[in-house]
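Observations on chain architecture
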Amino acid sequence: MSRDGAEAWSVKRYLLVVLLATLAALGTVAWARPSMFTSIVVVAGLGYHRESALPDSFYSVRVAPILEEQCAGCHGPRLQRARLRLDTLGDVKLGGKNGAVVKAGHPQESELFTRLLLPKSDKRAMPAGNKPPLSPDEIKVIELWIASGASGRTAVAAIAGAPPPPPAPIVIANFDAEAVARARAPLKDALESLSARYPGAIAYLSRDSADLSVDAQRLGAAFTDANLAELAPLAAAVTRLDLSNTAVTDGATATLAAFERLETLRLNETKVGDELLSATANLRNLQSLTVIGTRVTPDRVAQLRQKGLRVHDARD
Amino acid sequence: MTPETDEIAQTEVAPAAAPPEGVRVWDLPVRLFHWLLVLLIVSLWITAIRGWMTVHYIAGVSTLVLVLFRVTWGFFGSTTARFSDFLAGPRHVLAYLRGLRGGEDQRHAGHNPAGGWMVLTFLLLILAQATIGLFANDEFAFKGPFAEWISGKRSDLLTRIHVFLFDAILVCIWLHLCAITFYVKVKRDDLVRPMLNGSRTAAQVPKGQRLEFAPARRALFLLLAVTIVIVLLIVNARRMFE
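This is a predicted model, so every value here is computed, not measured. (Residues numbered from 1 in each chain as written. Chains lettered and ligands numbered in written order. Predicted model: local features only at pLDDT ≥ 70, side-chain atom pairs only at ≥ 80, totals over all residues. Heavy atoms only, no water.)

What follows deals with the pattern of salt bridges. Residue and element names in this part refer to chain A. Summed over the entire model, instances satisfying the criterion amount to 15 salt bridges over all chains. Residues lysine 188 and glutamate 192 are paired through a salt bridge, measuring 3.9 Å at the closest nitrogen-oxygen approach. In this pair, lysine 188 and glutamate 192 both sit in helix α8 (residues 188–197), 4 residues apart, roughly one turn of the helix. Lysine 188 sits in the partly exposed class, given a relative accessible area of 49%. Via salt bridges that share partners, Arg85, Asp87 and Asp91 belong to a single interconnected network. (Salt bridge = Lys/Arg side-chain N within 4 Å of Asp/Glu carboxyl O. Helix = DSSP H or I, 4+ residues; strand = E, 2+ residues; numbered from the N terminus. Buried < 20%, exposed > 50% of the residue type's maximum accessible area, 1.4 Å probe, protein only.)

What follows is the structure in structure tokens.
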């Protein structure tokens, strides 16, 4: 059925041409979409080397926290946009559907870096959507890491010029608010009346605690043994007591013994002596005692120190 | 409107002898469909790679319209365009393939039995691909017009299927090209030229076979109808499912 009279191919020749053309086509696809073949290698378990990072490396200390905070939401265990994960060094090196995102030593050729520089109007800009862009310091850290070879073994100190790390975030632990409220309930009435009488002197140690701190120092010489005795309803809840610069004397020994959960006691610049400190025998939680400018004797201080109490006096 | 009732439908009969002049086998709608589909698939591939999603979207909807038109043309079009003409049962296909191996003289004015199933596979794959694309997203800023109807998770899943289906389409295109090469080079049966000029040599067409050609205005009407349906569906997408 030939029109041009040319000789027909043999089936063998045809199959050879098709085979070569197929290999060429597969080669083109492999060149255009390297991730496809990487994925096949990984899925087949053919030994793709998954690089891991040392815990004290520049990557672990400086880069990984940024990627975790800014990128892992869409490129992490839950979502793998563009088939890319950025939550481990191995995954960062593996790349996504468009191939590698990091070219070691060449940040300007690494999408992990270049996409951070795109204007927000560019839909390829990262982070995508309404997420705020990375700070200049964070971008600099990623640039320096890639420029240094994008390794998981390079030490923090080995990469010069990195911006200082951001201050550690303040972590507020979760607490059982109801349990705290229940523990505070018995103190409520007494605390209200005594707080009104001694404004600013009594406060809870923290929002997750029913322990109290009493700062009588601010009341100065007006605060006497009798005033300390008025705190008796709260005594069992007080863990910090500062009686410095007050008029408290050894006469308050019995009263002080009732503060059996005290951990910190300050008696600076008061007239108390060794007698008051006999009350400490009852204060089993006491860890720190400050007696600068008092009549407490060095022998008594030494005795208390022998018992394991941290005692600060004028000789320190 | 069918060829039987359409007064301006034309009939072409293959001569009993084998004169050098060609016999028209493919109508203009089928040929335009074929080459427009080639252009659209190439453009869809490029725009997907380059991330030109607006162009990709327009090309995708155009492909959907084109394929749906071809499906309707498979019922209301010319003889060689009709599914009833080129979809044969498995026995016929196997017999055809065996005959091919044995070098038998098997003539078909339109698609041969094996090619017919390849056409159907193409149509189904591209139809599925274009439809799924309406629910997909580009994982960044672009969403198909129906993507809002479903959850983001499902849209992501359909996006992955969209990517996978394109690979399947590429494999089919490759098989198609290998088959064309086989016919052109081994069988010395040029299938490309007829898809360009619509005619085959009389020697390639079964003797005495009557081919009816549906009028172009019917094709225009079907194309317009399909276009209106798809455009209305997309334009009213949100309103329909709110």
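Our next topic: the confidence of the model for chain B. Residues and elements named next belong to chain B. Of the residues in chain B, 88% reach a pLDDT of 70 or more, and the chain-wide mean stands at 86. This stretch, residues 1–8, has a pLDDT under 50; its non-local contacts, to residues over four places away or in other chains, come to 16 contacts. Across the interface, the model reports ipTM at 0.74; the global pTM reads 0.57. (pLDDT = per-residue confidence, 0-100. Contact = heavy atoms within 4.5 Å.)

Next up on the list: the sheet that holds strand β5 (residues 288–290) of chain A. All names here are of chain A. Taking strand neighbours across the sheet as the criterion, the 6 strands line up as β1-β2-β3-β4-β5-β6 in an open arrangement whose pairing is mixed. The sheet terminates laterally at β1 (202–204) and β6 (310–312), the two strands that pair on one side only. With strand direction ignored, the average angle separating the axes of adjacent strands in the sheet is 15°. Direction of pairing for strand β3 (residues 238–242) relative to strand β4 (residues 264–266): parallel, over a ladder of 3 bridges. Within the sheet, the bridge partner assigned to arginine 240 lies in β4 and is threonine 264. (Pairing = 2+ DSSP bridges. Axes fitted to C-alpha atoms, helices over the stretch in contact; angles between N-to-C directions.)

Residue and element names in this part refer to chain A. Residues of strand β2 (residues 212–215) alternate between two faces, with Leu212 and Val214 buried on one and Ser213 and Asp215 left unburied on the opposite face. Pairing of β1 with β2, which is carried by 3 bridges, proceeds in the antiparallel orientation. Paired with isoleucine 202 across the strands is valine 214, a residue of β2. Both β2 and β3 contribute to a ladder of 4 bridges, which runs parallel. Opposite aspartate 215, over in β3, you have aspartate 242 as the bridge partner. The handedness of the β2 to β3 crossover, carried by helix α9 (residues 225–230), is right-handed. (Right-handed = clockwise from strand over helix to strand, strands pointing away.)

A word on the packing of aromatic side chains. Under the defined criterion, the tally for this structure stands at 11 aromatic pairs over all chains. Between phenylalanine 135 of chain B and phenylalanine 146 of chain B, the ring centres sit 5.5 Å apart and the planes meet at 65°, which makes this aromatic pair edge-to-face. On the criterion of sequence distance, the pair formed by phenylalanine 135 of chain B in the loop between α5 (113–133) and α6 (152–186) and phenylalanine 146 of chain B in the loop between α5 and α6 is long-range, its members being 11 residues apart. For phenylalanine 135 of chain B, a relative accessible area of 18% translates into the label buried. A residue is classified by how much of its surface remains accessible, and phenylalanine 146 of chain B, at 4% relative accessible area, is buried. On the basis of an interplanar angle of 75° and a centroid distance of 6.0 Å, the ring pair of phenylalanine 135 of chain B and tryptophan 149 of chain B is categorised as edge-to-face. In this pair, phenylalanine 135 of chain B is assigned in the loop between α5 and α6 and tryptophan 149 of chain B in the loop between α5 and α6, connecting sequence segments 14 residues apart. Joined through ring pairs, the aromatic side chains of Tyr14 of chain A together with Phe182 and Tyr183 of chain B make up one cluster. The cationic tip of arginine 184 of chain A hangs over the ring face of tyrosine 204 of chain A; the distance from NZ or CZ to the ring centre is 3.7 Å. Over the ring of phenylalanine 213 of chain B we find arginine 24 of chain B; its NZ or CZ atom is 4.0 Å from the centre of that ring. (Phe/Tyr/Trp six-rings, centres within 6.5 Å; stacked < 30°, edge-to-face > 60°. Lys NZ or Arg CZ within 6 Å of the ring centre and 35° of its normal.)

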